[in-house]
Amino acid sequence: MVSLPGSPATSLLRFLFLGLTTLAPPSRAQLELHVPPGLTKLQAVEGAEVVLPVWYTLQGEVSSTKPKPWEVLTLMWFLEKEKGLMEQVLSHISGVTSSKTGASLVYSMPSRNVSLRLQGLQEKDSGPYLCSVNVQASQGKESRVHSSRTLELNVLVPPAPPSCHLRGVPRVGTNVTLGCQSPRSKPAAQYQWVRSPPSSQVFFAPALDAIHGSLSLKNLSISMSGVYICKAHNEVGSAQCNVTLEVSTGHGATVVAGAVVGTLVGLGLLAVLVILYHRRTKALEEQANDIKEDAIAPRTLPWPKGSDTISKNGTLSSVTSARALRLPRGTPRPGDIPSTEA
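Just so it is clear, the model here is predicted, and its values are computed rather than measured.

## Overview of the overall build of the protein chain
Link 1 in the chain: Scanning the protein chain for helices and strands turns up three helices and 21 strands.
Link 2 in the chain: Across the 342 residues of the protein chain, 28% fall into the buried class.
Link 3 in the chain: Intrachain contacts of the protein chain at a sequence separation of at least 6 include 60% that bridge at least 24 residues.
Link 4 in the chain: Accessible surface computed for the protein chain: about 22,500 Å², of which carbon and sulfur atoms make up 58%.

Dropping the structure here:
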């Protein structure tokens, strides 16, 4: 419920005024509200504006004229929401007009034309609008007459941009489904799928589900690749989206998968070889270090006695030990001639 500013007395007057309108039968002989033929049910597009046309006449008048100086108008416009709740849209009481955002009178008061203008419409503005009028009917008397009239407004919403998607794996011989759905539309959107040039194609049932926006493509072939466009539409607008279908062969997919797996295996083997190489190198280095630490270098060369010796100038010479070659005295050598010396 929209509450408009006003004093407690004004609020009480509104309550009483609404009670008279809803409970007492209208005095059509004295006050009558008029609506142009065929305009009791109106339609408008969200975001636009609409006029709910209403005017009144008093008893004996054929057409509306300017209000008499003594006429005092009390006007109320309500929107009937769910569960019978009444939302106040506009009021004109004691010459003061109050309204919610976007609502105004088409004609300035005083006037017998009490048409309501609604701007910046939203879907929630749909529903029955009640126009209730209370007028002082005669000069110098307390006689007042009232009447009411209801007009129906339906705010339509063009489809919001839909989203397109692909379900399935597009390979040769398989089946896929193209989906399309608009998140918002009033009335509900209908859907149409087409294939864009150069291979233009329009789809119909049973492949196309125009209510749910799905398109079934069966037994795919390479020639079915292309851009597919979905159009969501209703009586007040349309929007579209597209999806690209790329059909691949099963063999090609296997080759690609094999190449990927082979590459991964090769990288894994290379990594293992590198690790083994580093470990072996490290082991050899550690072994060499252990040998160096354990070995003690000799102070002199281990030349055997009686063999080669090192000369003072640092060169090697083969010098036979005299001790080794000298024979014991008195021992004849084989082949020697005995000495004749006495």
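## Looking at the environment of Q43
Link 1 in the chain: Turning to its location among the elements, Q43 is positioned in strand β2 (residues 41–45).
Link 2 in the chain: By relative accessible area, which is 52% here, Q43 ends up exposed.
Link 3 in the chain: As for Q43 and E152, which are separated by 109 residues in sequence, their C-alpha atoms are 8.4 Å apart.
Link 4 in the chain: Beyond its immediate chain neighbours, meaning those up to four positions away, Q43 contacts N154, L156 and E235.

## Points about unusual backbone geometry
Link 1 in the chain: Backbone torsion omega between K186 and P187 reads -5 degrees, so that peptide bond is classified as cis.
Link 2 in the chain: Positionally, P187 belongs in the loop between β13 (176–181) and β14 (190–195).
Link 3 in the chain: Phi angles above zero are rare outside glycine, and S94 is one such case at about 55 degrees.
Link 4 in the chain: Tracing the backbone shows S94 in the loop between β6 (86–93) and β7 (96–99).
Link 5 in the chain: Notably, N219 is not glycine yet its phi reads approximately 50 degrees, a positive angle.
Link 6 in the chain: We classify N219 as exposed; its relative accessible area is 56%.

## Looking at the confidence of the model for the protein chain
Link 1 in the chain: In the predicted model, the protein chain carries a mean pLDDT of 78, and 68% of its residues have values of at least 70.
Link 2 in the chain: By mean pLDDT, strand β21 (residues 316–317) is the weakest element of the protein chain at 40, and strand β9 (residues 116–118) is the strongest at 98.
Link 3 in the chain: Of the regions scoring below 50 in pLDDT, residues 1–29 engages in 41 contacts with residues more than four places distant in sequence or in other chains.
Link 4 in the chain: Note on residues 252–257: pLDDT is under 50 here. Beyond four places in sequence and across chains, it has one contact.

## What to know about the environment of N113
Link 1 in the chain: Locating N113 in the fold gives a position in the loop between β8 (103–105) and β9.
Link 2 in the chain: Sequence separation of N113 and P53 is 60 residues, and the distance between their C-alpha atoms is 8.0 Å.
Link 3 in the chain: Among residues more than four places away in sequence, those in contact with N113 are V54, W55 and Y107.
Link 4 in the chain: Engagement of the side chain of N113 in a polar contact is seen with the side chain of S115, the distance being 2.5 Å.

## Some remarks on the state of the cysteines
Link 1 in the chain: A full pass over the atoms with the stated rule returns two disulfides.
Link 2 in the chain: Residue pairing for C164: its cysteine sulfur links by disulfide to C241, the two sulfurs lying 1.9 Å apart. Judged by the torsion about the S-S bond (80 degrees), the C164/C241 disulfide is right-handed. Of this pair, C164 sits in strand β12 (residues 163–167) while C241 is found in strand β19 (residues 237–245), placing the two residues 77 residues apart along the sequence.
Link 3 in the chain: Using a relative accessible area of 12% as the deciding quantity, one classes C241 as buried.
Link 4 in the chain: Residue pairing for C180: its cysteine sulfur links by disulfide to C230, the two sulfurs lying 2.0 Å apart. Disulfide C180 to C230: torsion about the S-S bond roughly -85 degrees, handedness left-handed. Of the two residues, C180 sits in strand β13 while C230 sits in strand β18 (residues 226–234), which places them 50 residues apart along the sequence. C230 carries the same exposure label as C180, and that label is buried.
Link 5 in the chain: Cysteines bonded in the protein chain are numbered consecutively along the chain; their disulfide partners then correspond to 1-4, 2-3.

## Overview of the sheet that holds strand β5 (residues 73–80)
Link 1 in the chain: Within the open sheet, the six strands sit side by side as β2-β11-β10-β5-β6-β7. Their pairing is mixed. The sheet is open, and its two edges are formed by β2 and β7, each paired on a single side. Each strand axis lies, on average, 20 degrees off the axis of its neighbour in the sheet, ignoring direction.
Link 2 in the chain: The pairing of β5 with β6 spans six bridges and is antiparallel. Considered in β6, the bridge of F78 is made with Q88.

## Points about the environment of S108
Link 1 in the chain: Among the secondary structure elements, S108 is positioned in the loop between β8 and β9.
Link 2 in the chain: When its relative accessible area of 65% is taken as the criterion, S108 is described as exposed.
Link 3 in the chain: Note: C-alpha distance between S108 and T97 (11 residues apart in sequence) is 9.8 Å.

Reading the values: the criteria
Residues numbered from 1 in each chain as written. Predicted model: local features only at pLDDT ≥ 70, side-chain atom pairs only at ≥ 80, totals over all residues. Heavy atoms only, no water. Helix = DSSP H or I, 4+ residues; strand = E, 2+ residues; numbered from the N terminus. Buried < 20%, exposed > 50% of the residue type's maximum accessible area, 1.4 Å probe, protein only. Contact = heavy atoms within 4.5 Å. Areas by Shrake-Rupley, 256 points an atom, 1.4 Å probe, with all protein chains shown as cover. pLDDT = per-residue confidence, 0-100. Polar contact = N/O pair within 3.5 Å; in protein donor to acceptor, adjacent residues only side chain to side chain. Disulfide = S-S within 2.5 Å. Pairing = 2+ DSSP bridges. Axes fitted to C-alpha atoms, helices over the stretch in contact; angles between N-to-C directions.

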